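Structure at a glance
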Protein chains: 2
Amino acid sequence: MTRFRLPEATIRELVEGVAPPSLEQLDGDAAVRLFAAAAWSCIPEPGDAVAGTAREALGDVRALELLVDGAAPSRWLAEAGDVAPDLVRHMDAAVDRWRPRLDDARVRRAFEQGAAWGQTLLSPLADEWPAGLDDLGPHAPAALWVRGSLAALAETRRSIALVGSRAASGYGEHVAMEAVEGLVRHGFATVSGAAYGIDACVHRATMAVGGTTIAVMAGGLDRLYPPGNDDLLRRVEREGAIVAEVPCGSTPSRWRFLARNRLIAALAQATVVVEASVRSGSINTAGHAATLGRPLGAVPGPVTSGASAGCHRLIRDYGAQLVQGADEMRALVDGDAMPVGLDARAGAEETRVLDALSIRQPRDADDLAARAGMSLAEVRATLGLLDLSGVVEQRGSGWVRRATPA
Amino acid sequence: MTRFRLPEATIRELVEGVAPPSLEQLDGDAAVRLFAAAAWSCIPEPGDAVAGTAREALGDVRALELLVDGAAPSRWLAEAGDVAPDLVRHMDAAVDRWRPRLDDARVRRAFEQGAAWGQTLLSPLADEWPAGLDDLGPHAPAALWVRGSLAALAETRRSIALVGSRAASGYGEHVAMEAVEGLVRHGFATVSGAAYGIDACVHRATMAVGGTTIAVMAGGLDRLYPPGNDDLLRRVEREGAIVAEVPCGSTPSRWRFLARNRLIAALAQATVVVEASVRSGSINTAGHAATLGRPLGAVPGPVTSGASAGCHRLIRDYGAQLVQGADEMRALVDGDAMPVGLDARAGAEETRVLDALSIRQPRDADDLAARAGMSLAEVRATLGLLDLSGVVEQRGSGWVRRATPA
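Values in this document were obtained by computation on a predicted structure and should not be read as measured data.

Cut-offs applied
Residues numbered from 1 in each chain as written. Chains lettered and ligands numbered in written order. Predicted model: local features only at pLDDT ≥ 70, side-chain atom pairs only at ≥ 80, totals over all residues. Heavy atoms only, no water. Helix = DSSP H or I, 4+ residues; strand = E, 2+ residues; numbered from the N terminus. Rg over C-alpha atoms; globule rule 2.2 N^0.38 Å. Buried < 20%, exposed > 50% of the residue type's maximum accessible area, 1.4 Å probe, protein only. Contact = heavy atoms within 4.5 Å. Lys, Arg positive; Asp, Glu negative; His and termini not counted. Charge placed at Lys NZ, Arg CZ, Asp CG, Glu CD. UniProt positions renumbered as here; feature names shortened; annotations may be inferred. Core = buried A, V, L, I, M, F, W, Y, C linked by side-chain atoms within 4.5 Å. Salt bridge = Lys/Arg side-chain N within 4 Å of Asp/Glu carboxyl O. Domains from an automatic or database assignment. Phe/Tyr/Trp six-rings, centres within 6.5 Å; stacked < 30°, edge-to-face > 60°. Buried area = accessible area lost by both parts, 1.4 Å probe. Nonpolar A, V, L, I, M, F, W, Y, C, P; charged D, E, K, R; others polar. Least-squares fit on C-alpha atoms with pLDDT ≥ 70 in both. Axes fitted to C-alpha atoms, helices over the stretch in contact; angles between N-to-C directions. Left-handed = near helix turned anticlockwise from the far one by under 90°. Pairing = 2+ DSSP bridges. Arc of directions from axis to C-beta.

On to the overall build of chain A. The helix and strand inventory of chain A stands at 18 helices and 13 strands. Here the C-alpha radius of gyration of chain A, 30 Å, is well above what a compact globule of 406 residues would show, namely 22 Å. Principal-axis analysis of the C-alpha atoms gives chain A an extent of 105 × 45 × 40 Å. Residues classed as buried in chain A amount to 56% of the 406 residues present. Within chain A, contacts between residues at least 6 apart in sequence are counted, and of these 71% link residues at least 24 apart. Taken together, the 42 basic and 51 acidic charged side chains of chain A have centroids lying 5 Å from each other.

Here the UniProt feature "domain: Smf/DprA SLOG" (unreviewed entry) sits at residues 123-330 of chain A. Between the end C-alpha atoms of residues 123-330 of chain A the distance is 30 Å, and the span holds 39% helix and 16% strand.

Time to look at the nonpolar core. A:Leu153 and B:Leu153 are the most contacted members of the largest nonpolar core, which has 74 residues in total. Beyond its immediate stretch of four places on either side in the chain, B:Leu153 contacts B:Leu122, B:Glu128, B:Pro130, B:Leu144, B:Val146, B:Ile214, B:Ala241 and B:Val243. Among the nonpolar cores identified, the runner-up in size contains 59 residues, and A:Leu23, A:Val68, A:Ala200 and A:Ala215 belong to it.

With that settled, consider the pattern of salt bridges. Pairing between side chains of opposite charge can happen when their charged atoms approach one another. One pass over the structure, following the stated rule, counts 48 salt bridges over all chains. Two residues, A:Glu79 and A:Arg75, come together in a salt bridge whose shortest N-O distance is 3.6 Å. Placement of the pair is A:Glu79 and A:Arg75 together in helix H5 (residues 73-80), with a separation of four residues, close to one helical turn. Given the relative accessible area of 34%, A:Glu79 is considered partly exposed. B:Asp317 serves as the salt-bridge partner of B:Arg316, at 3.8 Å between the closest nitrogen and oxygen. What makes B:Asp317 partly exposed here is its relative accessible area of 26%. Each of A:Arg3, A:Arg62, A:Glu65, A:Arg75 and A:Glu79 takes part in a single network of salt bridges with overlapping partners.

A few words now on the domain arrangement of chain A. The domain architecture assigned to chain A consists of domain 1 (2-114), domain 2 (144-334) and domain 3 (348-401). Here the C-alpha centre of domain 3 of chain A lies 57 Å away from the C-alpha centre of domain 2 of chain A.

It is worth spelling out the packing of aromatic side chains at this point. Residues and elements named next belong to chain A. Scanning all chains against the criterion turns up 14 aromatic pairs over all chains. Measuring from ring centre to ring centre gives 6.5 Å for tryptophan 40 and tryptophan 76, while their planes differ by 80 degrees; the resulting arrangement is edge-to-face. Of the two residues, tryptophan 40 is situated in helix H2 (residues 28-42) and tryptophan 76 in helix H5; the sequence distance between them amounts to 36 residues. Taking the centre distance of 6.0 Å and the plane angle of 70 degrees together, the rings of phenylalanine 111 and tryptophan 145 count as edge-to-face. Of this pair, phenylalanine 111 sits in helix H7 (residues 104-116) while tryptophan 145 sits in strand S4 (residues 144-148), and the two are 34 residues apart along the sequence.

This brings us to the interface of chain B and chain A. Every contact between the two is made by 58 residues of chain B and, on the other side, 58 residues of chain A. The junction of chain B with chain A conceals about 5,000 Å² of combined surface from both sides, 58% of it contributed by carbon and sulfur atoms. Where chain B meets chain A, there are four salt bridges. B:Glu378 serves as the salt-bridge partner of A:Arg97, at 3.3 Å between the closest nitrogen and oxygen. Only helix H6 (85-98), helix H9 (170-185), helix H12 (254-267), helix H13 (281-291), helix H14 (309-318), strand S11 (321-322), helix H16 (348-356) and helix H17 (365-372) of chain B provide two or more residues apiece to the side of chain B that touches chain A. Considering each element in turn, the side of chain B that touches chain A owes the most residues, eight residues, to H14(B). Looking at side-chain class alone, the side of chain B that touches chain A contains 27 nonpolar, 14 polar and 17 charged residues.

When chain B is fitted onto chain A, the two copies agree to an RMSD of 0.1 Å after a turn of 180 degrees and an axial shift of 0.1 Å. With respect to symmetry, the two chain copies, as superposed, fit the operation of a two-fold axis. Among all C-alpha atoms of chain B, that of B:Gly301 lies closest to the rotation axis, at 2.3 Å. Both copies share a contact surface, since 100% of the interface residues of chain B are interface residues in chain A too.

Attention shifts here to the packing of H9(B) against helix H10 (residues 198-208) of chain B. Residues and elements named next belong to chain B. Two numbers describe how H9 lies on H10: the axes approach to 9 Å, and their chain directions differ by 35 degrees. In the crossing of H9 with H10, the sense of the turn from one axis to the other is right-handed. Only Ile198, Cys201, Val202, Ala205 and Thr206 of H10 make contact with H9, whose side of the interface consists of Gly172, Glu173, Ala176, Met177, Val180 and Val184. Residue classes in the contact of H9 with H10 are distributed as eight nonpolar, two polar and one charged.

Further remarks concern the environment of B:Ala266. All names here are of chain B. Within the fold, alanine 266 resides in helix H12. For alanine 266, a relative accessible area of 0% gives the class buried. In this structure, the C-alpha to C-alpha distance between alanine 266 and threonine 285, residues 19 residues apart in sequence, is 9.6 Å. Those residues in contact with alanine 266 that lie beyond four places of it in its chain are Gly132, Leu133, Leu136, Leu292 and Arg294.

Turning next to the sheet that holds strand S5 (residues 159-164) of chain B. Paired through backbone hydrogen bonds, the strands of a sheet run either parallel or antiparallel to each other. Residues and elements named next belong to chain B. The nine strands lie next to each other as S3-S4-S8-S7-S6-S5-S9-S10-S11, forming an open sheet whose pairing is mixed. If you trace the sheet from one side to the other, it starts and ends with strand S3 (120-122) and S11, each paired once. Judged from the three bridges that link them, S5 and strand S6 (residues 189-192) form a sheet pairing that is parallel. Bridging across to S6, isoleucine 160 finds its partner in threonine 190. Sheet strands in contact with H12 are strand S4 (144-148), S5, S6, strand S7 (213-216), strand S8 (241-244) and strand S9 (270-275), and its direction is about 155 degrees off that of S7. Where helix H15 (residues 326-334) meets the sheet, its contacts fall on S5, S9, strand S10 (296-298) and S11, and the angle it forms with S9 comes to roughly 155 degrees.

Another point: helix H11 (residues 230-239) of chain B. All names here are of chain B. Among the residues of H11, Leu232, Leu233 and Val236 are the ones counted as buried. The buried residues of H11 occupy one face: seen down the axis, they fall within an arc of 95 degrees. Those residues of H11 that are exposed and angled more than 90 degrees off the buried face are Asp231 and Arg238. Packing partners of the buried residues in H11 comprise H10, S7 and S8.

Residues and elements named next belong to chain A. If you walk across this open sheet you meet the nine strands as S3-S4-S8-S7-S6-S5-S9-S10-S11, and the pairing is mixed. The sheet is open, and its two borders are formed by strand S3 (120-122) and strand S11 (321-322), each paired with just one other strand. Each of S4, strand S5 (159-164), strand S6 (189-192), strand S7 (213-216), strand S8 (241-244) and strand S9 (270-275) touches helix H12 (residues 254-267); the most contacted strand, S7, lies at about 155 degrees to it. Running over the sheet, helix H13 (residues 281-291) touches S5, S9 and strand S10 (296-298) and is turned about 155 degrees from S9.

This next bit is on the side chain of B:Thr120. Residues and elements named next belong to chain B. When you line up the elements, threonine 120 lands in strand S3. Residue classification places threonine 120 among the buried positions, given a relative accessible area of 13%. With near-sequence residues (within four places) excluded, threonine 120 lies in contact with Val18, Ala19, Pro20, Leu144, Trp145, Val146 and Leu150.

Looking now at the environment of A:Val246. Residues and elements named next belong to chain A. Relative to the assigned elements, valine 246 resides in the loop between S8 and H12. By relative accessible area, valine 246 is classed as buried at 5%. Distance in space between the C-alpha atoms of valine 246 and valine 146 is 10 Å, their sequence separation being 100 residues. Setting aside anything within four residues of it in sequence, one finds valine 246 in contact with Ser41, Pro46, Trp145, Ala218, Gly219, Gly220 and Arg256.

Shown next as C-alpha cells:
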C-alpha cells in the first residue's frame with residue numbers, strides 16, 4: 001500500500017525514528033498522520049494561515065494527498081465544504097506557493113536528519129503536544145521538532161516567556177537574572193529565544209538555579225543559532241528542551257524569526273519583555289502575546305537608556321503591564337498580587353495633633369486645638385488614640401509627643 | 001462703621017497693604033471681602049471642606065460675621081439654606097474647631113507681616129486668582145498669599161507640575177533638567193514644592209533656561225522652607241512667584257505639606273512625578289492630580305532603584321501615564337502626541353523574498369519561490385517592489401540583494 005506515492009513501510013520507518021513515547025505503538029494510521037504533519041512542517045512557511053485552515057478542514061493527511069495529486073484549488077474547496085471566505089480567496093495562490101516546495105527528498109531528509117540528531121517529532125495529536133500552541137488557530141504549527149526533554153517541554157504549562165534585546169545592558173541582565181530566580185523558586189519554567197543578550201541570560205539564569213528552560217529556534221535544529229550560544233544551547237538540550245516548527249536544514253531567516261516569536265508567546269502563559277529597544281524583535285513577541293490575549297508585561301528602565309525604550313512604549317501605548325520583578329511577573333499569571341495602598345499614612349486628625357505637639361514642652365488640649373485647627377472634642381479623642389499607639393504621653397496637665405514610640 | 005467688631009478704616013488700611021492691582025481702587029465692599037477671605041485663610045486648617053462649603057453658601061463676609069458673633073451652628077445652617085448633608089453633620093464640630101483660632105491679633109498680624117514682606121493677597125474675586133484652584137471645590141483655599149510676580153503666577157494657565165523625592169538620584173535630576181528644558185521651550189511654566197531634590201532641581205532648571213516657575217509653600221511666606229533652598233527661593237521670588245494659602249507665622253507642619261500638595265496639582269494643567277520612592281510626598285500630589293481629573297504622568301526608572309518605585313506604582317496601579325520626557329509630558333496636556341507604530345517593518349512578502357535572496361549568487365524566481373515558500377506570481381510582484389526600492393537587482397536571469405541599497 002502506498003500513501004503520498006510512498007510505500008507505507010517507508011513512511012513507517014521514517015516516522016519511527018522520531019516518534020514520541022505516546023505514539024510508540026504506532027499503528028499504520030498514526031504513522032501516516034505523523035508523517036503528514038511533518039510534511040506540512042516542511043512545505044509552507046511558518047504561520048501560513050491558508051495551510052492551517054485547509055489542514056483543519058481536511059486533515060493533514062487528505063490535504064497532503066490533494067497537494068501530491070496536484071488537485072485543483074477548486075477541488076480542495078469542494079472537499080473542505082463550508083470554510084472561511086479567506087480560504088476561498090487565497091487557495092489558488094496558496095497551492096501555487098506550496099507546489100515549489102513539494103519534494104519527497106526534502107521531507108525524507110527532515111526525518112533522517114531529525115533522527116540523526118535524536119529529535120522527537122510532535123504533532124497536535126500527541127499527548128506531549130503543548131496545548132498553548134492550539135490558541136494560534138490557523139497560525140498554529142503543523143508539527144514541532146524537539147531536542148531535549150519532553151518532560152521539560154511539558155513544564156511550559158506553568159511558564160513565563162522572558163525576552164529582550166540582543167544589545168542588553170548590565171541593568172537588563174541583572175533584572176533578568178533576579179526575576180528568573182524568583183520565578184523558578186515559585187515553580188515556573190522559562191521560555192525564550194536563545195538570542196544573545198536577554199534571551200541567553202534567561203536560559204542561563206534559569207539553569208543556574210535548577211529551573212527548566214525552553215529555547216525556541218527560528219531555523220532547523222541541526223544548526224543551533226546563534227553559533228556563539230552553542231554551549232549554552234547544548235546545556236538547554238540536556239536540562240530543558242529546544243524546539244522548532246521547521247525541519248532540519250531550514251535556515252533561520254528573518255521571516256522565520258518573526259514567525260518563531262509567536263511560538264514563544266503561545267508556549268508560555270505570559271510574556272515579559274525585560275529590556276528592549278523600540279526595534280527589538282522582542283517587541284514582535286509582545287505583539288503576539290497581546291494578539292493571543294496572553295498577559296504581557298514589560299520592565300521599565302531609565303528613560304535615558306534606549307535599551308528600555310521599547311519596554312516603555314509597550315507600557316505607554318500597548319497596554320503592557322509594568323512589572324518590576326518576579327512577584328509582579330507571577331501576578332500576570334496568578335493574578336494574586338494586590339496593589340498595596342499608596343497612602344498608609346496616619347489619618348488626618350492624628351497628623352494634625354502630632355504636628356501640634358512638642359517633644360519637650362507639654363501642651364494642653366485647648367492649646368493643641370488652636371494649633372491643630374480642631375475642636376477640643378476632636379483633639380481629646382485623637383489624643384486617646386495616639387496614647388494607645390504609644391506615640392504621645394501625658395505630662396502634668398499637658399501632652400508631649402514621644403521621641404521614640406513606647 | 002464696624003465690621004467683625006473692627007473699624008472699617010482699619011480693615012481698609014490692612015487690606016491696602018497687600019491688595020492686588022485689580023483691586024487697587026478698593027471700594028469699602030471689596031476691602032471687606034478681601035479682609036474676610038484673608039481671615040478665613042487664618043482660621044481653619046488648609047482644605048477644611050466644611051469651611052469651604054459654609055463660605056460658598058454664605059459668602060466669606062457673612063460666614064465670618066457669624067463666627068465673630070458666636071452664632072450657634074443651627075443659625076449657620078438656617079442661613080445657608082439647602083446645603084449638603086455633610087455640612088449639617090459637621091457644622092457643630094467645625095465651629096468648635098474654628099473658635100479657638102478666632103483672634104483679631106492673628107489676622108491683623110497676617111496682614112502686617114504680609115505687607116512687610118511685600119506680599120500680595122489674592123482672593124477668588126481677584127482677576128489674578130488662578131482659575132485652576134476653583135476645581136478644588138470646597139477644598140479650595142480661601143486666599144492666596146503671593147511673593148513675587150503676579151504675571152508669573154498667571155503663567156500657570158499653561159504649566160506642568162513636576163515633583164519628586166527629596167532623596168533624588170543623579171538620574172532623577174538629569175531627567176528633570178532635560179524635561180524642564182523641553183517644556184520651557186514649548187512655553188510651559190513649571191510648578192513645584194521647593195523641597196530638596198527633584199523640586200529644587202525643577203525650579204532651578206526652569207530659571208536656567210529662562211522659564212517661569214512657581215513654588216508652592218506649606219507654611220507662611222515669612223519663612224522660606226527648607227532653609228537650605230533660601231537662595232533658590234529668593235531667585236524664584238524675583239523671576240517667578242512663591243505662593244501659600246496660609247498666612248505669615250504658619251509653620252509648615254506635616255498636615256500643611258499634605259494639603260499644600262493639592263494646590264500644586266490644582267495650579268498646573270498636569271502633574272508629573274519625576275522620581276519618587278513609594279513613601280514620597282509627591283505620591284500624595286499625584287493623588288490630588290488624579291482626584292482633580294488632571295492628567296498624571298510618572299517617569300519610569302531602573303526597577304533596582306527604590307527612588308523610582310513610587311513612579312512605577314503610579315503607572316502600574318493608579319493609571320498614571322508613563323512619560324519619558326518633555327514631549328510626552330506636553331502630550332498629557334495637548335494630547336497631540338500620537339503613538340508611533342511599533343512595527344515599521346517591511347511587509348511579510350518583502351521580508352521573505354529578501355531572506356531568500358543572496359548577495360553574491362543570482363537566483364531565479366522559481367528558486368526564490370521555493371526558498372521563500374511563495375508562489376511564482378507573488379515572488380515576481382515582490383521582486384518588482386524591491387527593485388523599485390533599490391534593494392535588489394537583476395543579474396543575468398536571476399536576482400541578487402544589493403549589499404547597499406541603490
